[in-house]
Amino acid sequence: MAKDIGIDLGTANTLAYMKGKGIIMREPSVVAVDVRTDAVVEVGSKAKDMIGRTPGSIVAVSPLKDGVIADFEITATMLKHFIHMAAKSGRFSKANIVVCIPSGVTEVERQAVDDAIDKAGARVLEFIPEPKAAALGAGLPVEEPVGSMVLDIGGGTSEVAVISLGDIVAYESVRVAGNKFDEAIIHYIKKKYDLLIGQQTAEEIKNQIGSAYPTEGTENAALQIKGRSLVDGLAKNITITAEEIREALSDSLQIVVEAVHTTLEKTPPELCADIIDHGITVTGGGALLHGIAPLLHQETGLPVRVAEDPLDCVVNGAGKYLEKDAHSKKSADAPQE
């Protein structure tokens, strides 16, 4: 029997939802490869733990970049591994996949995802734009004739969309999100302190003291970090403040804010009136950045709320689509009186 699975194929993490069971898998979108043989060594969390810590012959690769496939073969291998994990069995008939992808992908990029899933031994049932899935998962009334605005800040892309009657009315997609935030922190510390830090350290800094806007508890926060001095090549400790990280992130966050403004400019006046009343819902890993809601409120004047369980909104949206589809089929198959 084929299994129906919803997949949030993200640049940073891949999550899977199985119809009738809920979220059954969440793993980093990382693959460790032995460059001498091109053999896959590890996939997911074990591969992520290897980043920056492997011998020269083993490289930890993120095969998705900015929300799209950068390495087809490795993505297909990763998907095969994840689909088998999700199905809990090495033997199953071809799984039916509802896959969430950025709304701004090209037809070529969409086909690459389709081909990779096919090579992984599954079949694409439906593509759902990530902002629509995020809005569904956040509980917004997307099927009603009311404008709902969602900002989904993932690992590779930030997507803003206004949705009404089940369809996207206006959207903007920018390839600035969690990974770019990490890169901005790395660049800032390198430029200001001549200190080289890795991606995982940058992510830790962002999670612990990163903020988009000075809020209570973040104004004076500080963190001691370790890295390699670019002056003498030796290990070095420095203390970095939350204010410095806000400065490091400011340019990237401004691009996200501009995407919100651009989407609002594309939105019909009647739906803008709904958004003034109901505001913006923020989803994705970037929603967990301290102060993101007050920053957006200051820049737009609109009410802003962070969704409950923002990391799971997209995959939960795929799950709602699967469950709704199953319910529709049952209703259609029911005997008519």
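Residues numbered from 1 in each chain as written. Predicted model: local features only at pLDDT ≥ 70, side-chain atom pairs only at ≥ 80, totals over all residues. Heavy atoms only, no water.

In the annotation of an unreviewed UniProt entry, the protein is listed under the name Cell shape-determining protein MreB and assigned to Caproicibacterium amylolyticum. Taken directly from UniProt, the Function (unreviewed entry) text for the protein runs: "Forms membrane-associated dynamic filaments that are essential for cell shape determination. Acts by regulating cell wall synthesis and cell elongation, and thus cell shape. A feedback loop between cell geometry and MreB localization may maintain elongated cell shape by targeting cell wall growth to regions of negative cell wall curvature." Turning to the protein, the UniProt record has this under Subunit (unreviewed entry): "Forms polymers." (UniProt positions renumbered as here; feature names shortened; annotations may be inferred.)

Engineer: What should I look at first to understand the pattern of salt bridges in this one?
Structural biologist: A side chain of one charge can pair with a side chain of the opposite charge if their charged atoms are brought near each other. In this structure the tally under the stated criterion is twelve salt bridges. The partner of D312 in a salt bridge is R26, with the nearest N and O atoms 2.6 Å apart. Taken together, the positions of D312 in the loop between strand 18 (304-306) and helix 10 (313-333) and R26 in strand 3 (residues 22-28) put the pair 286 residues apart, joining distant regions of the chain. The buried category is assigned to D312, whose relative accessible area is 12%. (Salt bridge = Lys/Arg side-chain N within 4 Å of Asp/Glu carboxyl O. Helix = DSSP H or I, 4+ residues; strand = E, 2+ residues; numbered from the N terminus. Buried < 20%, exposed > 50% of the residue type's maximum accessible area, 1.4 Å probe, protein only.)

Engineer: Quick question: what am I supposed to make of helix 5 (residues 178-193) here?
Structural biologist: Think of an α-helix as turning once every 3.6 residues; residues three or four places apart then point the same way. Spanning 16 residues, helix 5 covers 22 Å between terminal C-alpha atoms, matching the ideal 22 Å at 1.5 Å per step. Turning to helix 5, its buried residues are G178, F181, D182, A184, I185, I186, Y188 and I189. In this structure, the buried residues of helix 5 make contact with strand 11 (148-153), strand 14 (195-196), helix 6 (199-209), strand 15 (222-229), strand 16 (235-241) and helix 7 (242-266). Where helix 5 terminates, the next one or two residues include D194, which has phi positive at roughly 50°. (Expected span 1.5 Å × (residues − 1). Contact = heavy atoms within 4.5 Å.)

Engineer: Hey, could you run me through the sheet that holds strand 11 in this one?
Structural biologist: Neighbouring strands of a sheet are bound in pairs by backbone hydrogen bonds; such pairs are parallel or else antiparallel. With mixed pairing, five strands are arranged side by side in an open sheet as 13-12-11-17-18. At either margin of the open sheet sits one strand with a lone partner, and together these are strand 13 (167-174) and strand 18. The sheet shows a mean angle of 20° between the axes of neighbouring strands, taken without regard to direction. Of the pairings in the sheet, the one linking strand 11 to strand 12 (residues 158-164) comprises six bridges and is antiparallel in character. Of the residues in strand 12, the one forming a bridge with V150 is A161. Contacting strand 11, strand 12, strand 13 and strand 17 (280-283), helix 8 (residues 269-278) crosses the sheet at an angle of about 110° to strand 12. Against the sheet, helix 9 (residues 292-300) makes contact with strand 11, strand 17 and strand 18, and its axis sits at roughly 160° relative to strand 18, the strand it touches most. (Pairing = 2+ DSSP bridges. Axes fitted to C-alpha atoms, helices over the stretch in contact; angles between N-to-C directions.)

Engineer: I'm lost on the nonpolar core in this one. Help?
Structural biologist: Grouped burial of nonpolar side chains is what soluble globular proteins tend to show. Core analysis: the biggest nonpolar cluster contains 45 residues, and L151, I189, I197, I205 and I225 have the highest contact counts within it. No other element matches the ten residues that helix 7 contributes to this core. Two domains each put at least three residues into this core: domain 2 (134-176 + 250-311) and domain 3 (178-248). When near neighbours in sequence (up to four residues on either side) are disregarded, L151 contacts S158, E159, V160, V256, V260, I280, T281, V282, T283 and L296. (Core = buried A, V, L, I, M, F, W, Y, C linked by side-chain atoms within 4.5 Å. Domains from an automatic or database assignment.)

Engineer: Looking at this structure, how should I read the pairing of strand 17?
Structural biologist: Neither face of strand 17 is open: one carries I280 and V282, the other T281 and T283, and all of them are buried. When strand 11 meets strand 17, the two strands line up parallel, connected through four bridges. Looking at strand 17, one finds that V150 is bridged to T281. Where strand 17 lies against strand 18, three bridges are found, and the strand directions are parallel. Paired with T281 across the strands is R305, a residue of strand 18. Crossover connection from strand 17 via helix 9 to parallel strand 18: handedness right-handed. (Right-handed = clockwise from strand over helix to strand, strands pointing away.)

Engineer: What exactly am I supposed to notice about the domain arrangement of the protein here?
Structural biologist: Accessible area lost during the coming together of the parts is what is often quoted as the interface size. Parsing the protein into structural domains produces domain 1 (4-130 + 314-333), domain 2 (134-176 + 250-311) and domain 3 (178-248). Centre-to-centre separation of domain 1 and domain 2, based on C-alpha positions: 25 Å. Counting residues at the interface gives 18 residues for domain 1 and 15 residues for domain 2. Of all residues in domain 1, D66, S103 and E130 give up the largest surface area on contact with domain 2, accounting jointly for 34% of the area buried on that side. At the boundary of domain 1 and domain 2, one finds two salt bridges. Residues R175 and E109 are paired through a salt bridge, measuring 3.4 Å at the closest nitrogen-oxygen approach. Counting the contacts that link domain 1 with domain 2 gives four residue pairs in polar contact (both at pLDDT 80 or more). With five residues, the top contributor of residues to the side of domain 1 that touches domain 2 is helix 10. Looking at the side of domain 1 that touches domain 2, its residues break down into seven nonpolar, six polar and five charged. (Buried area = accessible area lost by both parts, 1.4 Å probe. Polar contact = N/O pair within 3.5 Å; in protein donor to acceptor, adjacent residues only side chain to side chain. Nonpolar A, V, L, I, M, F, W, Y, C, P; charged D, E, K, R; others polar.)

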